[in-house]
Amino acid sequence: MNDSANTLAATSDKSSTGTWVPLSMFALYIIWGSTYLGIRIALESYPPFLLAGLRFAVAGSLLFGYLRLRGVALPTARQWFNAAITGVLLLGFGNGLVCYAEESVSSGISAVAVASMPLFAAAFTSMYGEWPTRSETTGLLIGFVGVIVLNFGSALSGSHIGAVALIVASMAWAFGSVWSRRRDMPSGMMNTAAQMLCGSVALLVVGFLSGERLPSHPSAHATLAAAYLVVFGSLIAFSAYLYVLKHARPAFATSYAYVNPPVAVLFGVLLLGESVGPYDLVGMAIILVGVGTITLARVRRTR
């Protein structure tokens, strides 16, 4: 009886994972692709680090309060420590530097630069002896070629500081993602809440120490964009990312970074009237081929 119950439970967990992983990846592909535009609009009134800090402070507080009302246990001291390090890497450096860079770099170009993240993730993963498969490596390289082609079709008008900030953000996000997989983290959604709360503290401290101040009369568009980032970019998409990171291989979990650039460019075209050239279209097509290769590699490995 116990063996039968265990088998049914394992089958149920596998079925649930098979459903939620694709849904979570859809959220990462579409929602996170749109957040670059959301950040760009919110920066019209809000300074970068305070914008990111408030975004995660509000989202983290709401989620933490909800979980505590549901009776979810508090993380242990070690789990808080690990969540703090991961939150600073992913949200402090990762998202904070993207917001900072978008003051001088377009949203589409920001997404293109961040698309280098899966390559850093693959490099950091190899430090732990977990090498990407041949198919995953092929998909990563195809995706990176697509990013380069997409970059040819865009005008990089940002400063060198902005470009460096985006690369550092990608490296920090990649290392935090790989490092956290081997640590004792809070369970379930509490992991999301803890990371957002810890990351928001670091972002707010950096913002205030650097002289940033909250606007006295923010525009309605900027405030709505900030609210969108809280609900969709943080509560939904970041939770989805941590779920996929736990239940899928890193190469597959980080493949969203290759889809976000074309999504960000398309949102710019639809909402801001930006033009799309032949390099943009070819680059997007190559990127999708790379993501498809990684996805098929994951399916074959699972089987």
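Residues numbered from 1 in each chain as written. Predicted model: local features only at pLDDT ≥ 70, side-chain atom pairs only at ≥ 80, totals over all residues. Heavy atoms only, no water.

(A) Spotlight on the overall build of the chain. Helix and strand counts for the chain come out as twelve helices and zero strands. When the helices and strands of the chain are placed in sequence order, the string is α-α-α-α-α-α-α-α-α-α-α-α. Split into buried and exposed, the 303 residues of the chain put 49% on the buried side. Long-range pairs, those at least 24 residues apart, make up 93% of the contacts in the chain between residues at least 6 apart in sequence. Accessible surface computed for the chain: about 14,200 Å², of which carbon and sulfur atoms make up 68%. (Helix = DSSP H or I, 4+ residues; strand = E, 2+ residues; numbered from the N terminus. Buried < 20%, exposed > 50% of the residue type's maximum accessible area, 1.4 Å probe, protein only. Contact = heavy atoms within 4.5 Å. Areas by Shrake-Rupley, 256 points an atom, 1.4 Å probe, with all protein chains shown as cover.)

(B) Region of interest: a nonpolar patch on the surface. A contiguous nonpolar surface patch, about 410 Å² in accessible area, is contributed by Phe144, Ile148, Phe152 and Tyr279. In terms of residue count, the dominant contributor to the nonpolar patch is helix H6 (residues 134-152) (three residues). In this fold, Ile148 is placed in helix H6. (Patch = residues over 30% accessible without salt bridge, like charges linked within 9 Å, V, L, I, M, F, W, Y side chains within 5 Å. Salt bridge = Lys/Arg side-chain N within 4 Å of Asp/Glu carboxyl O.)

(C) Representation of the environment of Thr293. Inspection of the secondary structure assignment puts Thr293 in helix H12 (residues 278-302). Remark: the alpha-carbon pair of Thr293 and Thr138, spanning 155 residues in sequence, is separated by 7.4 Å. A polar side-chain atom of Thr293 sits 2.9 Å from the main-chain carbonyl oxygen of Val289. (Polar contact = N/O pair within 3.5 Å; in protein donor to acceptor, adjacent residues only side chain to side chain.)

(D) Here's a closer look at the environment of Ala220. Mapped onto the elements of the fold, Ala220 is located in helix H9 (residues 220-247). Under the relative-accessibility criterion, Ala220 is labelled exposed at 54%. For Ala220 and Ser45, which are 175 residues apart along the polypeptide, the C-alpha to C-alpha distance reads 9.3 Å.

(E) Representation of the side chain of Ser180 in the model. Among the structural elements, Ser180 can be located in helix H7 (residues 160-180). The exposure class of Ser180 is buried, given its relative accessible area of 10%. Once residues lying within four places of it in the same chain are set aside, the contact partners of Ser180 are Thr86, Met185 and Leu245.

(F) Spotlight on the packing of aromatic side chains. Taken as a whole, this structure holds eight aromatic pairs when the rule is applied. When the ring of Phe49 is compared with that of Tyr100, the centres are 6.0 Å apart and the planes differ by 20°; the resulting orientation is stacked. A residue pair is termed long-range when its members are at least 10 positions apart, and Phe49 in helix H2 (residues 48-69) and Tyr100 in helix H3 (residues 77-101) qualify at 51 residues. Ring centres of Tyr228 and Phe232 lie 5.0 Å apart, and the angle between their planes is 25°; on these two criteria the pair is classed as stacked. Residue Tyr228 and its partner Phe232 are located together in helix H9, separated by four residues, close to a single helical turn. Overall, Tyr228 belongs to the partly exposed group, its relative accessible area being 28%. (Phe/Tyr/Trp six-rings, centres within 6.5 Å; stacked < 30°, edge-to-face > 60°.)

(G) Expanded view of the packing of H3 against helix H8 (residues 189-209). Where H3 contacts H8, the axes come no closer than 7 Å and their chain directions differ by 55°. Relative to H8, the element H3 is oriented oblique. The handedness of the crossing between H3 and H8 is right-handed. Here Trp80, Ala83, Ala84, Thr86, Gly87, Val88, Leu90, Leu91, Gly92 and Gly96 of H3 lie close against H8, whose contacting residues are Ala194, Gln195, Met196, Leu197, Cys198, Gly199, Ala202 and Leu203. (Axes fitted to C-alpha atoms, helices over the stretch in contact; angles between N-to-C directions. Parallel < 35°, antiparallel > 145°, perpendicular 65-115°, else oblique. Left-handed = near helix turned anticlockwise from the far one by under 90°.)

(H) Looking closely at the side chain of Thr192. Topologically, Thr192 is positioned in helix H8. Judged by relative accessible area, Thr192 falls into the buried class, the value being 1%. With residues up to four places along the chain from it excluded, the contact list for Thr192 reads Leu63, Phe238, Ser239 and Leu242.

(I) Up close: the nonpolar core. Within the largest apolar cluster, 74 residues are counted, with the highest numbers of intra-cluster contacts made by Leu28, Trp32, Trp173, Phe238, Tyr241 and Tyr256. It is H9 that contributes the most residues to this core, twelve residues altogether. When neighbours within four sequence positions are excluded, Tyr241 is seen to be in contact with Leu28, Trp32, Leu90, Trp173, Ser177, Ala253, Thr254 and Tyr256. (Core = buried A, V, L, I, M, F, W, Y, C linked by side-chain atoms within 4.5 Å.)

(J) Representation of the confidence of the model for the chain in the model. Here the chain averages 83 in pLDDT, while 87% of its residues score no lower than 70. The low-confidence segment residues 4-15 (pLDDT under 50) makes zero contacts with residues lying over four places distant or belonging to another chain. (pLDDT = per-residue confidence, 0-100.)

(K) Helix H5 (residues 117-126), seen in detail. In terms of burial, H5 is a largely internal element, seven of the ten residues being buried. If you check which residues of H5 are buried, you get Met117, Pro118, Ala121, Ala122, Phe124, Thr125 and Ser126.

(L) Representation of the packing of H5 against H7 in the model. Put simply, H5 and H7 touch, their axes get as near as 8 Å, and they point 45° apart. It follows from the interaxial angle that H5 and H7 lie oblique. The handedness of the crossing between H5 and H7 is right-handed. Facing H5, whose interface residues are Met117, Phe120, Ala121, Phe124 and Thr125, H7 presents Ile167, Ser170, Met171, Trp173, Ala174, Phe175 and Val178.

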